Amino acid sequence: MTRFALLRLVQSLVSLFAITVIVFGLSHATGSPIDTMLPDDATTEQIAALSRNLGLDEPLWRQYLVFLGNALQGDFGMSLKWRGQSAMGVVLDRLPATLRLGGLALLISIAVAIPAGVVSAVRRGTWADHLVRGFALFGQSIPAFWLGIVLIWIFAVGLGWLPTSGHGGLAHMILPAISIAAFQIAALTRLTRSAMLEVLDTEYVKLARIKGASETAVVWRHAFANAAIVPLTYFGVLAGSVLTGSIVVETVFGWPGAGWLAIEAIRARDFPVIQAVVMFFALAFLLANVLVDLLYAWVDPRVRHG
Amino acid sequence: MVLDVSNLSVQIRGKAGVIHPVDDVSFSLRPGETLGLVGESGSGKSMTGLALMRLLPQPAARITQGRITLAGQDILAFSDRQMRSVRGRDISMILQDPQTSLNPVWRIGAQVIEALRLHAPGPSTALRVRAVELLRWLGIPAPEARMRAFPHELSGGMRQRVVGAIALSSAPKVLIADEPTTALDVTIQAQFLRLLRDIQAETGLSILFITHDFGVVARLCHRVMVMYAGRVVETGPVRRIFSAPAHPYTRALVASVPRLDTPEGRLPAIPGQPPALWSLPSGCAFAPRCPLADARCHLKAPPTVVTAPGQSAACWRPVA
């Protein structure tokens, strides 16, 4: 078990290293930040001076090593857009808002998708099943930004129940969280349903019924305990997608989180902030997946012993 | 009679239409008796077993007619809740594959204890003690240690003993054993059968033993019932079934069993295939493969006639 955990940790570190290379490479492929920092009529000397000043005239590999060394210490440099603030500070400032929103979206996804998937499988072929599958198809087909706009139109503009956008309490979070969650609910519901269908057909579920166990015990304690490994596997993807999904949805709802920050930073070619945001997202994604692997072993004894 | 089944029919609605995997089946089981239920794959053996538990695959299959009287109770009239209290306590079942019969994410102990708790709730410590006793009774060595094991840590034979412990945990009157030894090694098979026989001698358990293995039938069963295409074609004492089978199908089955006391050579096989249940012939279902069949056999389903004391066959031309 400890070896298994260690191995996963090392694998994650390798992935993280690869991500730093990609982040560094991509952000440099988008063009020089100098263009947006100086007025259009800047002279060649002024451009060269600023390049030297920011270290942009060094060879790429040296720039990368400097970047890596600093990144390891949590230093992504000073923001180019938000003058006077460190990139790390800017991101840390916005991260809690994104985590709150993402957390709520995650909670909604699980709370809706697991029961819906289970019921759909248990009542296969009935109207409840058809309803759930219809919604799942719908949820997977509509883009989050479109759903966000429609939700604003109905619940904020039309009915006036919830605020249209901005940062605030739970009322401000409901619509964006639903927008992020919709796709995940659909995907997770379908996964749960198919996993349950497979398990409900097994001999050990039959044996549970032979014992005289109640239908609730058969479905949840016997069948779902086994089927859970499938939605659990998806949880790693889910946690990542909820964060990346926040980029679009935060922009639609004007939610001042890390996703919104990422868009603003990209517009301004604010490399240090872009790099910090992406590294944070990558880290969150990796952590979620390591967590999933550990949960795996906890859920399924065969993984633990294998 | 501890179990009495009369005119039981099961219907399945599928894409190919409506079929009757169990068609007008009647039999009874005395206390302490083992009845062998024999037939080819698809003859309706397992469906009969599941129908007795009222655990037919839902919603495709349902019981369309008949009566099942278990220890004097008409269980087809029971509600789902009543039926749950009967399952495991009055009638229980062992499934074919011990590999897949136990829940892979539950410890052995938890699975046995659940079965005990369902029909006789009690404090956890007492249930634990009883579970250990039960495992020991089923011949599982070091039962205390096994309680904490997961199914994948046990051998096939041990797993089937655990399944047996679960099935017998509440001292049922009737045990349906659906090919419980098919997936086991031959030596393990023999051990398991001996164990079943010992338990039966000790408790007076009645067993409906579903199998296609005549060797097992000879070793374990008192009476035999042969099914073909959903119908009972012959019932009789095990000795008569082997020495004087009345139905041509039974005779063909018995003749195709390899024996040590006859010279080597090709085993006689039954020509043709069992009929598809969605296109049964109008007369006797076995007629197309039967060497004795005449015009009447192809036209009209045969009645069940008594051919000897305790022996009956559904045949127009039984061999008396």
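As shown above, the structure is provided for reference.
Residues numbered from 1 in each chain as written. Chains lettered and ligands numbered in written order. Predicted model: local features only at pLDDT ≥ 70, side-chain atom pairs only at ≥ 80, totals over all residues. Heavy atoms only, no water.

Colleague: In this structure, what is going on with the overall build of chain B? I would like to understand it.
Modeller: Within chain B, the secondary structure is distributed over 12 helices and 12 strands. Here the C-alpha radius of gyration of chain B, 21 Å, is about what a compact globule of 320 residues would show, namely 20 Å. With the C-alpha coordinates aligned to their principal axes, the bounding extent of chain B is approximately 70 × 50 × 40 Å. Here chain B holds 320 residues, and 50% of them are scored as buried. Just so you have it, chain B exposes about 14300 Å², and 54% of that area is on carbon and sulfur atoms. Placing the 35 positive and 23 negative side-chain charges of chain B at their respective mean positions leaves the two points 3 Å apart. (Helix = DSSP H or I, 4+ residues; strand = E, 2+ residues; numbered from the N terminus. Rg over C-alpha atoms; globule rule 2.2 N^0.38 Å. Buried < 20%, exposed > 50% of the residue type's maximum accessible area, 1.4 Å probe, protein only. Areas by Shrake-Rupley, 256 points an atom, 1.4 Å probe, with all protein chains shown as cover. Lys, Arg positive; Asp, Glu negative; His and termini not counted. Charge placed at Lys NZ, Arg CZ, Asp CG, Glu CD.)

Colleague: Would you mind showing me how to read the overall build of chain A here?
Modeller: In terms of helices and strands, chain A carries 14 helices and 0 strands. For chain A, the spread of C-alpha atoms along the principal axes amounts to about 85 × 55 × 30 Å. Of the contacts made within chain A by residues no fewer than 6 positions apart, 75% connect residues no fewer than 24 positions apart. Taken as a whole, chain A presents about 15500 Å² of accessible surface, with 68% of it coming from carbon and sulfur. (Contact = heavy atoms within 4.5 Å.)

Colleague: Which parts of the structure should I look at to understand the sheet that holds strand β1 (residues 3-14) of chain B?
Modeller: Residues and elements named next belong to chain B. One open sheet holds the 4 strands; their spatial order is β2-β1-β4-β5, and the pairing between them is antiparallel. Looking at the sheet topology across the chains shown, the edges are occupied by β2 (17-29) and β5 (73-74). In this structure, β1 lies alongside β2, joined through 8 bridges in antiparallel fashion. When the sheet's bridge partners are listed, L8 is paired in β2 with V25. (Pairing = 2+ DSSP bridges.)

Colleague: Help me understand the sheet that holds strand β3 (residues 34-38) of chain B, please; the structure alone is not making it clear to me.
Modeller: In sheet architecture, strand pairing relies on hydrogen bonds along the backbone and comes in two forms, parallel and antiparallel. All names here are of chain B. Read from one edge to the other, the open sheet built from 8 strands follows the order β6-β7-β8-β3-β9-β10-β12-β11, with strand pairing classed as mixed. Both outer strands of the open sheet, β6 (91-94) and β11 (304-308), are each paired with one neighbouring strand and no more. Across this sheet, the average inter-strand angle for adjacent strands is 20 degrees, counted without regard to direction. Where strand β7 (residues 174-178) lies against strand β8 (residues 206-211), 5 bridges are found, and the strand directions are parallel. Bridge pairing in β8 places L175 opposite I207. Most of the contacts of helix α8 (residues 186-203) go to β8, to which it runs at about 160 degrees, and overall it touches β3, β6, β7 and β8. (Axes fitted to C-alpha atoms, helices over the stretch in contact; angles between N-to-C directions.)

Colleague: Just checking my understanding: could you explain helix α11 (residues 229-253) of chain A for this structure?
Modeller: Counting along an α-helix, one turn takes 3.6 residues, and residues three or four places apart therefore face a common direction. All names here are of chain A. When the terminal C-alpha atoms of α11 are compared, their 34 Å separation across 25 residues agrees well with the 36 Å that a helix rising 1.5 Å per residue should span. Its axis deflected by about 40 degrees at I247, α11 carries its strongest bend there. One or two positions beyond α11, positive phi appears at G254, with a value near 60 degrees. (Expected span 1.5 Å × (residues − 1). Bend = angle between axes of the 7 residues up to and from the residue.)

Colleague: It is not clear to me how the interface of chain A and chain B should be interpreted in this structure. Could you clarify?
Modeller: Many structure descriptions define interface size as the accessible area lost when the parts assemble. Facing 21 residues of chain A, the contacting portion of chain B comprises 28 residues. Here chain A meets chain B over a buried area of about 2200 Å², counting both sides, of which 63% is carbon and sulfur. Its largest share of buried area at the contact with chain B, chain A owes to L207, I210 and K211 of chain A, together 31% of the area lost on that side. In this assembly, chain A and chain B are joined by 9 residue pairs in polar contact (both at pLDDT 80 or more). At the level of elements, α9 (203-211), α10 (215-227) and α14 (301-305) of chain A are the ones that each hand at least two residues to the side of chain A that touches chain B. Its residues placed into classes, the side of chain A that touches chain B shows 7 nonpolar, 5 polar and 9 charged. (Buried area = accessible area lost by both parts, 1.4 Å probe. Polar contact = N/O pair within 3.5 Å; in protein donor to acceptor, adjacent residues only side chain to side chain. Nonpolar A, V, L, I, M, F, W, Y, C, P; charged D, E, K, R; others polar.)

Colleague: Hey, could you run me through the environment of S92 of chain B in this one?
Modeller: Examined against the element boundaries, S92 of chain B turns out to sit in strand β6. When its relative accessible area of 1% is taken as the criterion, S92 of chain B is described as buried. Along the primary structure S92 of chain B and I166 of chain B are separated by 74 residues, whereas in three dimensions their C-alpha atoms are 9.0 Å apart. Contact partners of S92 of chain B, with chain neighbours within four places excluded, come to I210 of chain A together with M53, A167, P172, V174, L175 and I176 of chain B. Within polar-contact distance, the side chain of S92 of chain B engages the backbone oxygen of A167 of chain B at 2.9 Å.

Colleague: Honestly, the side chain of E234 of chain B in this entry has me stumped. Any pointers?
Modeller: Residues and elements named next belong to chain B. With respect to the secondary-structure elements, E234 resides in strand β10 (residues 231-237). One buried charge, E234, has no salt-bridge partner; the nearest side chain with opposite charge is R240, at 7.2 Å. Here the side chain of E234 touches A246 through a polar contact of 2.8 Å, landing on its backbone nitrogen. The residues touching E234, leaving out its near neighbours within four places in the chain, are V224, M225, V226, I241, P245, A246, H247, T250, Q311, S312 and A313. (Salt bridge = Lys/Arg side-chain N within 4 Å of Asp/Glu carboxyl O.)

Colleague: Just to check I follow, could you spell out the pairing of β3 of chain B for this structure?
Modeller: Residue and element names in this part refer to chain B. Counting buried positions over the 5 residues of β3 gives 5, a clear majority of the element. Here β3 shows two buried faces, one formed by T34, G36 and V38 and the other by L35 and L37. When β3 meets strand β9 (residues 223-228), the two strands line up parallel, connected through 4 bridges. Following the sheet pairing, G36 is matched in β9 by V224.

Colleague: What am I meant to see in the packing of aromatic side chains here?
Modeller: Throughout the structure, instances matching the rule amount to 9 aromatic pairs over all chains. An angle of 85 degrees between the planes, with centres 5.2 Å apart, marks the rings of Y228 of chain B and F286 of chain B as edge-to-face. Of the two residues, Y228 of chain B is situated in strand β9 and F286 of chain B in the loop between α11 (248-255) and α12 (295-299); the sequence distance between them amounts to 58 residues. Comparing Y228 of chain B with F286 of chain B, the two get one shared label, buried. Ring centres of Y249 of chain B and F286 of chain B lie 5.0 Å apart, and the angle between their planes is 65 degrees; on these two criteria the pair is classed as edge-to-face. Within this pair, whereas Y249 of chain B is found in helix α11, its partner F286 of chain B is found in the loop between α11 and α12, the two being separated by 37 residues in sequence. These aromatic residues form a ring-pair network of at least three members: F24, Y64 and F67 of chain A. The residue whose ring lies beneath K81 of chain A is W82 of chain A, and the NZ or CZ to ring-centre distance is 5.3 Å. (Phe/Tyr/Trp six-rings, centres within 6.5 Å; stacked < 30°, edge-to-face > 60°. Lys NZ or Arg CZ within 6 Å of the ring centre and 35° of its normal.)

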